[in-house]
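In case you want the letters, here they are:
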Amino acid sequence: MRYVSTRGRAQPRDFEGVLLAGLAEDGGLFVPESWPVLDAAAWRALRGLPYEELAARLIAPFAEGCLTLEELRSLCRDAYRRFDHAAVVPLVQLDERRFALELFHGPTLAFKDLALQLLGRLFDHVLARRGERITIIGATSGDTGSAAIEACRDRAAVDIVILHPKGRTSAVQRRQMTTVLAENVANIALEGSFDDCQDAVKAMFGDAAFREELHLAAVNSINWARIAAQIPYYAAAALALGAPDRPVAVAVPTGNFGNVLAAYGAMRMGLPIARFIVATNRNDILARFLAANDMSIRPVEASLSPSMDIQVSSNFERLLFELLERDAEATAAVMTAFRSSGRMPVPDSAWRRLRDRFLGFSLDDAGTLEAMRRIRQESGYLSDPHSAIGIAAAAALAPPERAIPVVAAATAHPAKFPEAVKAALGEVPRLPPQLADLFDREERCSVLPNDLAAIKAFVRAHARRRAA
Ligand SMILES: *Cc1c(COP(=O)(O)O)cnc(C)c1O
């Protein structure tokens, strides 16, 4: 399988190439040259498989030429072994047509584990083969950092340094990062904001000599391998609910658009997904876009669902490319205009095609708390603020055909957001057993000033220790 850039000016790569490259050199995102398609009989034959086997088989066509099915099986088995539910991604029925797809049974209790646990192992596998190593750097305001650290801990070919703004992540989120005492993991608590952290990471990537010296790599959600690893759980849910012989809809709490894009990928691979409900918080750029073709940037506001506090959803570019019938030049022009004007000029014809299947939804904080209460009352189900927005969206915008079940992605465990759960329900959710002692564990973290030279020296010292 070959991959091309959405902006058409990068050398096509194979799976291993896009895994290691992340962003394309023309600023675009890599997409498969064509979508692998399974016919109905092939889908039916996948029903009832263990999750890791389903994942290996569905990722295999994307990795063709780089990894064998046998290699993928072994990587998937290892990646999903630590999940605390035998089904890996259990589907919980909420009412006659709504289902919560629980994506939070991994080590950090959020859906990013599903992609990142595999990504860390993919890195190790291909780097060992090439005799290379990398240094992963990243900035986090919470979830992504801990999922990346858990994915990379103890990986032989990878060092990881994560920056977070000192004092500005929740205690659970910080401890999920700083209590990982693996040799190859380092945490920086930066005396600054999340934006300062991001700026420092960008500056390090922007320094070509530094990037080369340390083999810098990123694990952010523009990496195609992450999208590929998220397709199988939509397939698992759809198959369980009767696909390919019966359509389903999906509702996805959305930030960077990676998770929705994976659902779209499942549809392109042949699953009958009739509707995509894009659920947002008060940072509702995607909902405004889907309602009125208004993709205009506003300032990001903090909400109860911080992992969705985003204005520019980087993965949207991949869908835009499809909407524009894979015209890379047109995609590049729209993205350039978006960057310069803050408003994305999506042609009306393309927007209308999108509207056939995609619907937007948004809830502010008060609406989110209300949704958490209602879900608890009606179904006895405890949801975190992100998942609650998806579940509420599933009720509001389900397809009119009553028979179509709606799968709402439950993206985080409620115990990750105890304050919001307490505010909504008056109860504090308990951390699952494997994290019950989180607050007793030793932390390791270095406080650094917001000074690029100091940060670089730290990263270099950390990576060099391992290379020696
Ligand atoms: C990252 C995250 C999201 C947003 O996912 P995207 O793929 O960026 O759209 C939603 N909920 C939770 C809990 C997350 O951690």
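Preceding this section is the structure that the text describes.
These lines cover the structure that appears in this document, whether it is placed above or below. Quick caveat, the model's predicted, so the values are computed rather than measured.

**Observations concerning the layout of surface pockets**
Thought 1: A volume near 230 Å³ is recorded for the second largest pocket.
Thought 2: What lines the second largest pocket is a set of 16 residues, among which Leu49, Leu54, Ala236, Ala237 and Ala240 lie closest to the centre.
Thought 3: Of all elements in the fold, only α3 (51–59) and α10 (224–240) reach the threshold of two or more residues within the lining of the second largest pocket.
Thought 4: A breakdown of the residues in the lining of the second largest pocket according to their chemical character gives 14 nonpolar, one polar and one charged.

**As for the nonpolar core**
Thought 1: Ranked by size, the top nonpolar core spans 111 residues in total, and within it Tyr80 and Phe358 carry the most contacts.
Thought 2: Ranked by residue count, the leading element in this core is α10, at 12 residues.

**A short note on the site of the ligand**
Thought 1: Surveying the vicinity of the ligand reveals 15 residues, the closest of which are Lys112, Asp143, Gly255, Asn256 and Thr411.
Thought 2: In isolation the ligand exposes 380 Å². Once the protein is present, 96% of that is buried.
Thought 3: Within the shell around the ligand, the residues separate by chemical class into five nonpolar, eight polar and two charged.

**Describing the sheet that holds strand β11 (residues 358–362)**
Thought 1: Taken together, the six strands give an open sheet; going across it, the order is β3-β4-β12-β9-β10-β11, and neighbouring strands pair in mixed fashion. Whereas interior strands pair on both sides, the edge strands pair on one side only; in this sheet they are β3 (91–93) and β11. Taken over all neighbouring pairs, the strand axes of this sheet differ in orientation by 25 degrees on average, direction set aside.
Thought 2: Strand direction decides the pairing type here: strand β4 (residues 98–102) and strand β12 (residues 406–410), joined by five bridges, are parallel. Residue pairing in the sheet places Glu102 in a bridge with Ala410 of β12.
Thought 3: This element, α10, spans β3, β4, β9 (248–253) and β12 of the sheet and lies at about 140 degrees to β9.

**Thoughts on helix α17 (residues 385–397)**
Thought 1: Helix length check: α17, at 13 residues, gives a terminal C-alpha distance of 18 Å against a target of 18 Å (1.5 Å per residue), a fit within 8%.
Thought 2: For α17, a buried count of 10 out of 13 residues is recorded, marking the element as mostly surrounded by other parts of the structure.
Thought 3: Taken together, the buried positions of α17 are Pro385, His386, Ser387, Ala388, Ile389, Gly390, Ile391, Ala392, Ala393 and Ala394.

**Description of the sheet that holds strand β6 (residues 158–165)**
Two orientations exist for strands paired in a sheet by backbone hydrogen bonds: parallel and antiparallel.
Thought 1: The five strands are arranged β8-β5-β6-β7-β13 in an open sheet whose pairing can be described as parallel. Edge positions in the sheet fall to β8 (216–217) and β13 (446–449), since each has one partner strand and no second.
Thought 2: Across six bridges, the pairing between strand β5 (residues 134–139) and β6 is parallel. When the bridges of β6 are listed, Ala139 appears paired with Leu163.
Thought 3: Together, β6 and β7 (185–191) form the strand contacts of helix α7 (residues 171–178), whose direction differs from that of β6 by roughly 155 degrees.
Thought 4: Packing against the sheet, helix α8 (residues 194–206) makes contact with β5, β6, β7 and β8, and its axis sits at approximately 150 degrees to β5.

**With respect to the side chain of Asn293**
Thought 1: Along the polypeptide, Asn293 turns up in the loop between α12 (285–292) and α13 (316–323).
Thought 2: A polar side-chain atom of Asn293 sits 3.0 Å from the main-chain carbonyl oxygen of Val346.
Thought 3: Asn293 has contacts with Arg288, Arg343, Val346, Pro347, Asp348 and Trp351, leaving out every residue within four places of it along the chain.

**A word on the packing of aromatic side chains**
Thought 1: According to the stated counting rule, one finds 14 aromatic pairs in the structure shown.
Thought 2: Between the aromatic rings of Phe276 and Phe358, the centroid separation amounts to 4.6 Å while the plane-to-plane angle is 15 degrees, which identifies the pairing as stacked. Of this pair, Phe276 sits in strand β10 (residues 273–280) while Phe358 sits in strand β11, and the two are 82 residues apart along the sequence.
Thought 3: Each residue in the set Tyr3, Phe15, Trp35, Phe62, Trp224, Tyr264, Phe276 and Phe358 is aromatic and connected to the rest through ring pairs, giving one cluster.

**Points about empty space enclosed by the protein**
Thought 1: Taken as a whole and judged by the stated rule, the model has three cavities of 30 Å³ or more.
Thought 2: The volume enclosed by the largest cavity comes to roughly 70 Å³.
Thought 3: Lining the largest cavity, in full, are Ile285, Leu286, Met295, Gln311, Val312, Ser313, Ser314, Phe316, Glu317, Met335, Phe338 and Met344.
Thought 4: Mapped onto the lining of the largest cavity, the elements with two or more residues apiece are α12, α13 and α14 (328–341).
Thought 5: Taken as a whole, the second largest cavity encloses approximately 50 Å³ of empty space.
Thought 6: Considering only residue class, the lining of the second largest cavity consists of three nonpolar, three polar and three charged.

Criteria and cut-off values
Once a new chain begins, its residue numbering starts again from 1 and follows that chain's sequence as written. Confidence filtering applies because this is a predicted model: local features only for residues at pLDDT of at least 70, side-chain atom pairs given and counted only at 80 or more, and all residues used for totals across whole chains, interfaces and linings. Each side-chain value is derived from all of the structure's non-hydrogen atoms; neither hydrogens nor water enter the calculation. Only protein atoms enter the calculation, which uses a 1 Å grid: trapped sets of points that fit a 1.4 Å probe without letting it out are cavities, open sets showing protein on both sides within 12 Å along at least five of seven lines are pockets, and any residue with an atom within 4 Å of a point is a lining residue. Grid points are joined across faces, edges and corners, and a volume is the space filled by probe spheres set on the points. Each helix is a run of H or I in the DSSP string that is no shorter than four residues. Each strand is a run of E no shorter than two, and both are numbered from the N terminus. Under this grouping Gly is polar, as are all residues other than the nonpolar Ala, Val, Leu, Ile, Met, Phe, Trp, Tyr, Cys and Pro and the charged Asp, Glu, Lys and Arg. Among buried residues, the Ala, Val, Leu, Ile, Met, Phe, Trp, Tyr and Cys ones that are joined through side-chain atoms within 4.5 Å form a nonpolar core. A 1.4 Å probe rolled over the protein chains alone gives each residue an accessible area, and that area as a share of the maximum for its type sets the label: buried under 20%, exposed over 50%, partly exposed in between. Residues are classed as near a molecule or strand on a simple rule: at least one heavy atom within 4 Å of it. In this description, accessible areas are obtained by the Shrake-Rupley approach with a 1.4 Å probe, and a residue is regarded as covered only by the protein chains that are shown. A strand pair is defined by DSSP finding two or more bridges across the two strands. Axis lines are fitted through C-alpha atoms, for helices just across the contact stretch, and the angle between N-to-C directions can take any value from 0 to 180 degrees. Note on contacts: a residue pair qualifies if any of its non-hydrogen atoms lie within 4.5 Å across the two residues. Every helix has an expected span of 1.5 Å times one less than the residues it contains. Here a polar contact means two N or O atoms within 3.5 Å. Within protein one must be a hydrogen donor candidate and the other an acceptor candidate, and residues neighboring in sequence count only if both atoms are side-chain atoms. Aromatic contacts are taken between Phe, Tyr and Trp rings whose centres are within 6.5 Å, Trp giving its six-membered ring; a plane angle under 30 degrees counts as stacked, one over 60 as edge-to-face, and the others as tilted.

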